[in-house]
Amino acid sequence: MSMTSSGATAPGAYGNSGASGVGPSGSPDVAGASASERPRGLLRSGFGLIGPRHGRHVLSVEQVDSLALPIGDDGVVIGVDAGGGPAVLGLNRPTPYDVVLIGGLWTAQVLALRAAATGARVAVETGRAQAWMQMVHAMGGGQNGMSVHDVGRVPPQGASAGNPVLVVRDCGMRPPRGRVVAGPWQSILTLLPYLSPVAPRLLRQARLVGVQRVSPDEAAEIGRALALPRGDVDSLPTLADGVTLWCADRDRQYVMTQPTDAETGLFGTPRRMD
């Protein structure tokens, strides 16, 4: 966004410059005082401190059409795209939203932490609670909107527009059907370390699928399930750690998730294998 400052001089801010007589509280009229006396008179008159004087920022009628506001998507910044711009994942939605990530625990934990930072409550359903407890302790021992539950033991979350929820299902290669499902303001992120017999069903149900480095055979199967072009299928076995191909309908985007210093301290550097 670009705005141009004109050279116009601001009108008098303290009344008519030609007035004379007595100002508020019986003080001498400030407008009629000399330049050296005016600051002292303003303070006595109760106007407060004198701020900086600048020309007004204005746009001509011709310049209004060039005014643009850099408004992008709202959500969790999951990394940078191929062009170096921020890649945003909108998890908090008024409609059910199922996400499947075929990848590593590291990426799932970064997504969960960033979702919590945006104000969402995060409930983790997992068979390896110890892998998540360091993150829970770092967030205040569960007092800041994150909880860990055994598989099949996630209670109703009571999601709402003012209290959105992300449920992370870290239940291995064959996750059972969850008791808590996606709904308004409650998204489900299912983590699959590799493909399994239940993967085709989960991929069909998902609104968004993320794929990290997989074997050539898995890449071929994923390519058929998601109707990926040959170039994307060939690239999946070669993806670097921290890189995810996100697919939604016909949209595809490669994203590099770059950790912050705090995330590196908690989870280490990006990795595909746990």
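Described below are features of the structure shown in this document. Note that this is a predicted model, so its numbers are computed, not measured. (Residues numbered from 1 in each chain as written. Predicted model: local features only at pLDDT ≥ 70, side-chain atom pairs only at ≥ 80, totals over all residues. Heavy atoms only, no water.)

**Some thoughts on the overall build of the protein**
Within the protein, the regular secondary structure consists of 8 helices and 10 strands. Burial status across the protein gives 38% buried among its 274 residues. Contacts in the protein between residues at least 24 apart in sequence constitute 61% of all its contacts with a sequence separation of at least 6. (Helix = DSSP H or I, 4+ residues; strand = E, 2+ residues; numbered from the N terminus. Buried < 20%, exposed > 50% of the residue type's maximum accessible area, 1.4 Å probe, protein only. Contact = heavy atoms within 4.5 Å.)

**As for the nonpolar core**
Ranked by size, the top nonpolar core spans 33 residues in total, and within it Ile 78, Val 122, Trp 132, Met 135, Met 146, Val 168 and Trp 246 carry the most contacts. Element by element, the count of residues in this core is highest for helix H3 (residues 105-117), at 9 residues. When residues no more than four places from it in sequence are discounted, the contact partners of Trp 132 are Leu 105, Ala 108, Gln 109, Ala 112, Val 124, Thr 126, Met 146, Val 148, Val 168 and Asp 170. Counting residues in hydrophobic clusters, the runner-up holds 22 residues, among them Ile 102, Leu 202, Leu 203 and Leu 239. (Core = buried A, V, L, I, M, F, W, Y, C linked by side-chain atoms within 4.5 Å.)

**With respect to the pattern of salt bridges**
On inspection of all chains with the given rule, the structure shows 7 salt bridges. Residues Asp 274 and Arg 128 are paired through a salt bridge, measuring 3.7 Å at the closest nitrogen-oxygen approach. In this pair, Asp 274 sits in the segment after helix H8 (261-267) while Arg 128 sits in the loop between strand S4 (121-126) and helix H4 (130-138), placing the two residues 146 residues apart along the sequence. Asp 274 sits in the exposed class, given a relative accessible area of 53%. For Arg 128, a relative accessible area of 24% corresponds to the partly exposed category. If you follow the salt bridges from partner to partner, you end up with Arg 128, Asp 170 and Asp 274 in one network. (Salt bridge = Lys/Arg side-chain N within 4 Å of Asp/Glu carboxyl O.)

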